[in-house]
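Here is what each chain is made of, one letter per residue.
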Amino acid sequence: MTGYVKNLWYMAAWADEVAGDVLFTRTLLDQPWLIYRKDDGGWAMLADRCPHRFVPLSMGHREGDVVHCRYHGLGFGPDGRCVHSPFPGDPPAHVSAASMPIVEQHRGLWFWPGDPALADPATIPDFGFLDADAGMRRGHLRIEGHYELITDNLMDLTHAEFLHVESFGVNGSIFHGEQTVWHEDDGAIWNNWDMTAVEPPEWSKPMLQPGDTVDQWLHMRWHAPAAMALTVGLARAGTQRADMVVPSMMNPHIITPETATSSHYFYDHEDNDAAAEMARQVFIDEDEPMIEAAQRALGSADFWDARPAILKTDAGAIRARRALMQLRKAEEAAL
Ligand code: FES
Ligand SMILES: [Fe+2]
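Residues numbered from 1 in each chain as written. Chains lettered and ligands numbered in written order. Predicted model: local features only at pLDDT ≥ 70, side-chain atom pairs only at ≥ 80, totals over all residues.

Asker: I tried to follow the overall build of the protein on my own but got confused; where do I start?
Answerer: Secondary structure summary: the protein contains five helices and 17 strands in total. In terms of overall size, the protein behaves like a compact globule, its C-alpha atoms giving a radius of gyration of 22 Å where 335 residues would be expected to give roughly 20 Å. Of all 335 residues assigned to the protein, the portion counted as buried reaches 32%. (Helix = DSSP H or I, 4+ residues; strand = E, 2+ residues; numbered from the N terminus. Rg over C-alpha atoms; globule rule 2.2 N^0.38 Å. Buried ≥ 20, exposed ≤ 12 C-beta atoms within 10 Å, placed from the backbone.)

Asker: Please explain the environment of Gly238 as it appears in this structure.
Answerer: Note that Gly238 resides in the loop between β15 (227–236) and β16 (244–259). Residue Gly238 is classed as partly exposed on the basis of its C-beta count, with 14 C-beta atoms lying within 10 Å. Taking the C-alpha atoms as reference points, Gly238 and Val214, separated by 24 residues in sequence, lie 8.0 Å from one another.

Asker: Looking at this structure, how should I read the sheet that holds strand β8 (residues 82–84)?
Answerer: Strands in a sheet are paired, the pairing made by backbone hydrogen bonds, and the direction either parallel or antiparallel. An order of β5-β6-β7-β8 is seen for the four strands of this open sheet, with the pairing classed as antiparallel. Unpaired on one side and paired on the other, β5 (61–63) and β8 mark the two borders of the sheet. Across three bridges, β5 lies against strand β6 (residues 66–68) in antiparallel orientation. Its bridge partner being in β6, Arg62 is matched across the sheet by Val67. (Pairing = 2+ DSSP bridges.)

Asker: In this structure, what is going on with the sheet that holds strand β2 (residues 24–28)? I would like to understand it.
Answerer: Spatial ordering of the open sheet is given by β2-β3-β4, a layout of three strands whose pairing is antiparallel. Of all the strands in the sheet, just β2 and β4 (43–47) have a single pairing partner and so form its edges. Averaged over neighbouring strand pairs, the angle between their axes works out to 30° when direction is ignored. As paired strands, strand β3 (residues 31–37) and β4 are joined by five bridges and run antiparallel to one another. Residue pairing across strands places Tyr36 opposite Ala44, the latter belonging to β4. (Axes fitted to C-alpha atoms, helices over the stretch in contact; angles between N-to-C directions.)

Asker: Before we go on, may I ask you to explain helix α4 (residues 273–298) in this structure?
Answerer: Helical geometry note: an α-helix holds 3.6 residues per turn, so side chains three or four residues apart project in the same direction. Here α4 is 26 residues long and its end C-alpha atoms lie 36 Å apart, about the 38 Å a rise of 1.5 Å per residue gives. At Asp287, α4 shows its strongest bend, of approximately 40°, with the proline Pro289 following within four residues. Restricting attention to buried positions, one finds in α4 the residues Glu286, Asp287 and Ile291. Buried positions along α4 lie against β11 (136–143), α1 (147–155), α2 (160–163) and α3 (165–168). Of the residues one or two after α4, Gly299 is the one with positive phi, at around 60°. (Expected span 1.5 Å × (residues − 1). Bend = angle between axes of the 7 residues up to and from the residue. Contact = placed C-beta atoms within 7 Å.)

Asker: Just checking my understanding: could you explain the pairing of strand β17 (residues 262–270) for this structure?
Answerer: On a regular strand, one side chain projects to one face of the sheet and the next to the other, so that they alternate. Strand direction decides the pairing type here: β11 and β17, joined by eight bridges, are antiparallel. In the sheet register, His140 faces β17, and the bridge partner there is Phe266. For β16 and β17, the ladder comprises five bridges, and the chain directions are antiparallel. Residue pairing in the sheet places Ile254 in a bridge with Phe266 of β17. Linkage of β16 to β17, two consecutive antiparallel strands, is achieved through a turn of two residues.

Asker: It is not clear to me how the domain arrangement of the protein should be interpreted in this structure. Could you clarify?
Answerer: It is common to give the size of an interface as the accessible area lost on bringing the parts into contact. Along its sequence, the protein is organised into domain 1 (10–124) and domain 2 (130–334). Computed over C-alpha atoms, the centres of domain 1 and domain 2 are 33 Å apart. Contact with domain 1, which involves 13 residues of that partner, is made by twelve residues of domain 2. Elements that contribute at least two residues to the side of domain 1 that touches domain 2 include exactly β1 (10–14) and β2. Tallying contributions element by element places β1 first for the side of domain 1 that touches domain 2, with four residues. (Domains from an automatic or database assignment.)

Asker: What exactly am I supposed to notice about the nonpolar core here?
Answerer: Buried together is how nonpolar side chains tend to be arranged in soluble globular proteins. Residues Ala12, Ile35, Met45, Ile102, Leu109, Phe111 and Ile150 are the most contacted members of the largest nonpolar core, which totals 64 residues. No fewer than three residues from each of domain 1 (10–124) and domain 2 (130–334) sit in this core. Those residues in contact with Ile35, other than ones at most four positions away along the chain, are Ala12, Ala13, Val18, Phe24, Arg26, Trp43, Met45, Ile102 and Leu109. (Core = buried A, V, L, I, M, F, W, Y, C linked by C-beta atoms within 7 Å.)

Asker: Sorry, what's going on with α1 here?
Answerer: Of all nine residues making up α1, nine are buried, and the element is well covered by its neighbours. Within the span of α1, buried status applies to Tyr147, Glu148, Leu149, Ile150, Thr151, Asp152, Asn153, Leu154 and Met155.

Asker: Looking at this model, I keep getting lost on the environment of Ser263. Mind explaining?
Answerer: Position of Ser263 among the secondary structure elements: in strand β17. Sequence separation of Ser263 and Glu148 is 115 residues, and the distance between their C-alpha atoms is 9.3 Å. Ser263 has contacts with Ile143, Gly145, His146, Tyr147, Ile150, Ile255, Thr256, Pro257 and Glu258, leaving out every residue within four places of it along the chain.

Structure (structure tokens):
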């Protein structure tokens, strides 16, 4: 777990990925972890590696909140302490599995790899729009790319005009848009595009009169390390955004490092097959190959050492990279 900012909340999974009594496993920040729902409805997160001979604890089984290793039978509680030995006498007090604070918020499971005393769930970024049962289906995708390359992708939506022309039916309106990048006190960085009286996207034309123009906005909010929320709006031009063509939408784009060169991508879409197919096309056919190609081209080189050209349209992405670098340096300096 080197190179990551520790004192931050990261998303491990959607809560509904961890169904029933299963011992759910996922590699996060370079290490395999085991996640399970406790009998009291809370959550536990243990290293998926027995401290005795390193086998995955997920090869074992649960009895209540205790995970029993399949190799020599030690049992570990939700805080990682060894609470069961198959031999007479007390369980060995010096044996414990690593554990991390984990909480459920906004349908996600968020973990804190840093100092547990600093883990305040109030600092989990606000994804309250996910709490409503708005008929959405949540998805998870692995991408073979560094998580900051995915932040670059999401904080610079101009790529949609090239990569998502077929899926989104965009038509160059962002080239007539105004970009605003700003910082909030809680560390959020916004990269907003606002388009005024532009040609509507293809998919919206059946809802408009011929010749109608629209106001369109794409507002992306970022929180460290890579938790993003996109607001999309489309209103009939000249109505001060009051006459919406469709209700404005908010979607999560939450990225968690799996390793230094691979990432978990958490997203959602409307709960129907057409929306699922659209998400598949956008994320898997269009974004994923491009991000993976960027990762392959970069190899193990550091992003800044590779001397990337910086464009004005990168302003939000670069601010996010700088903010994360400052957090990383502050933690390193405090060591
Ligand atoms: S490896 Fe788990 S108890 Fe020995
Ligand atoms: Fe994209």
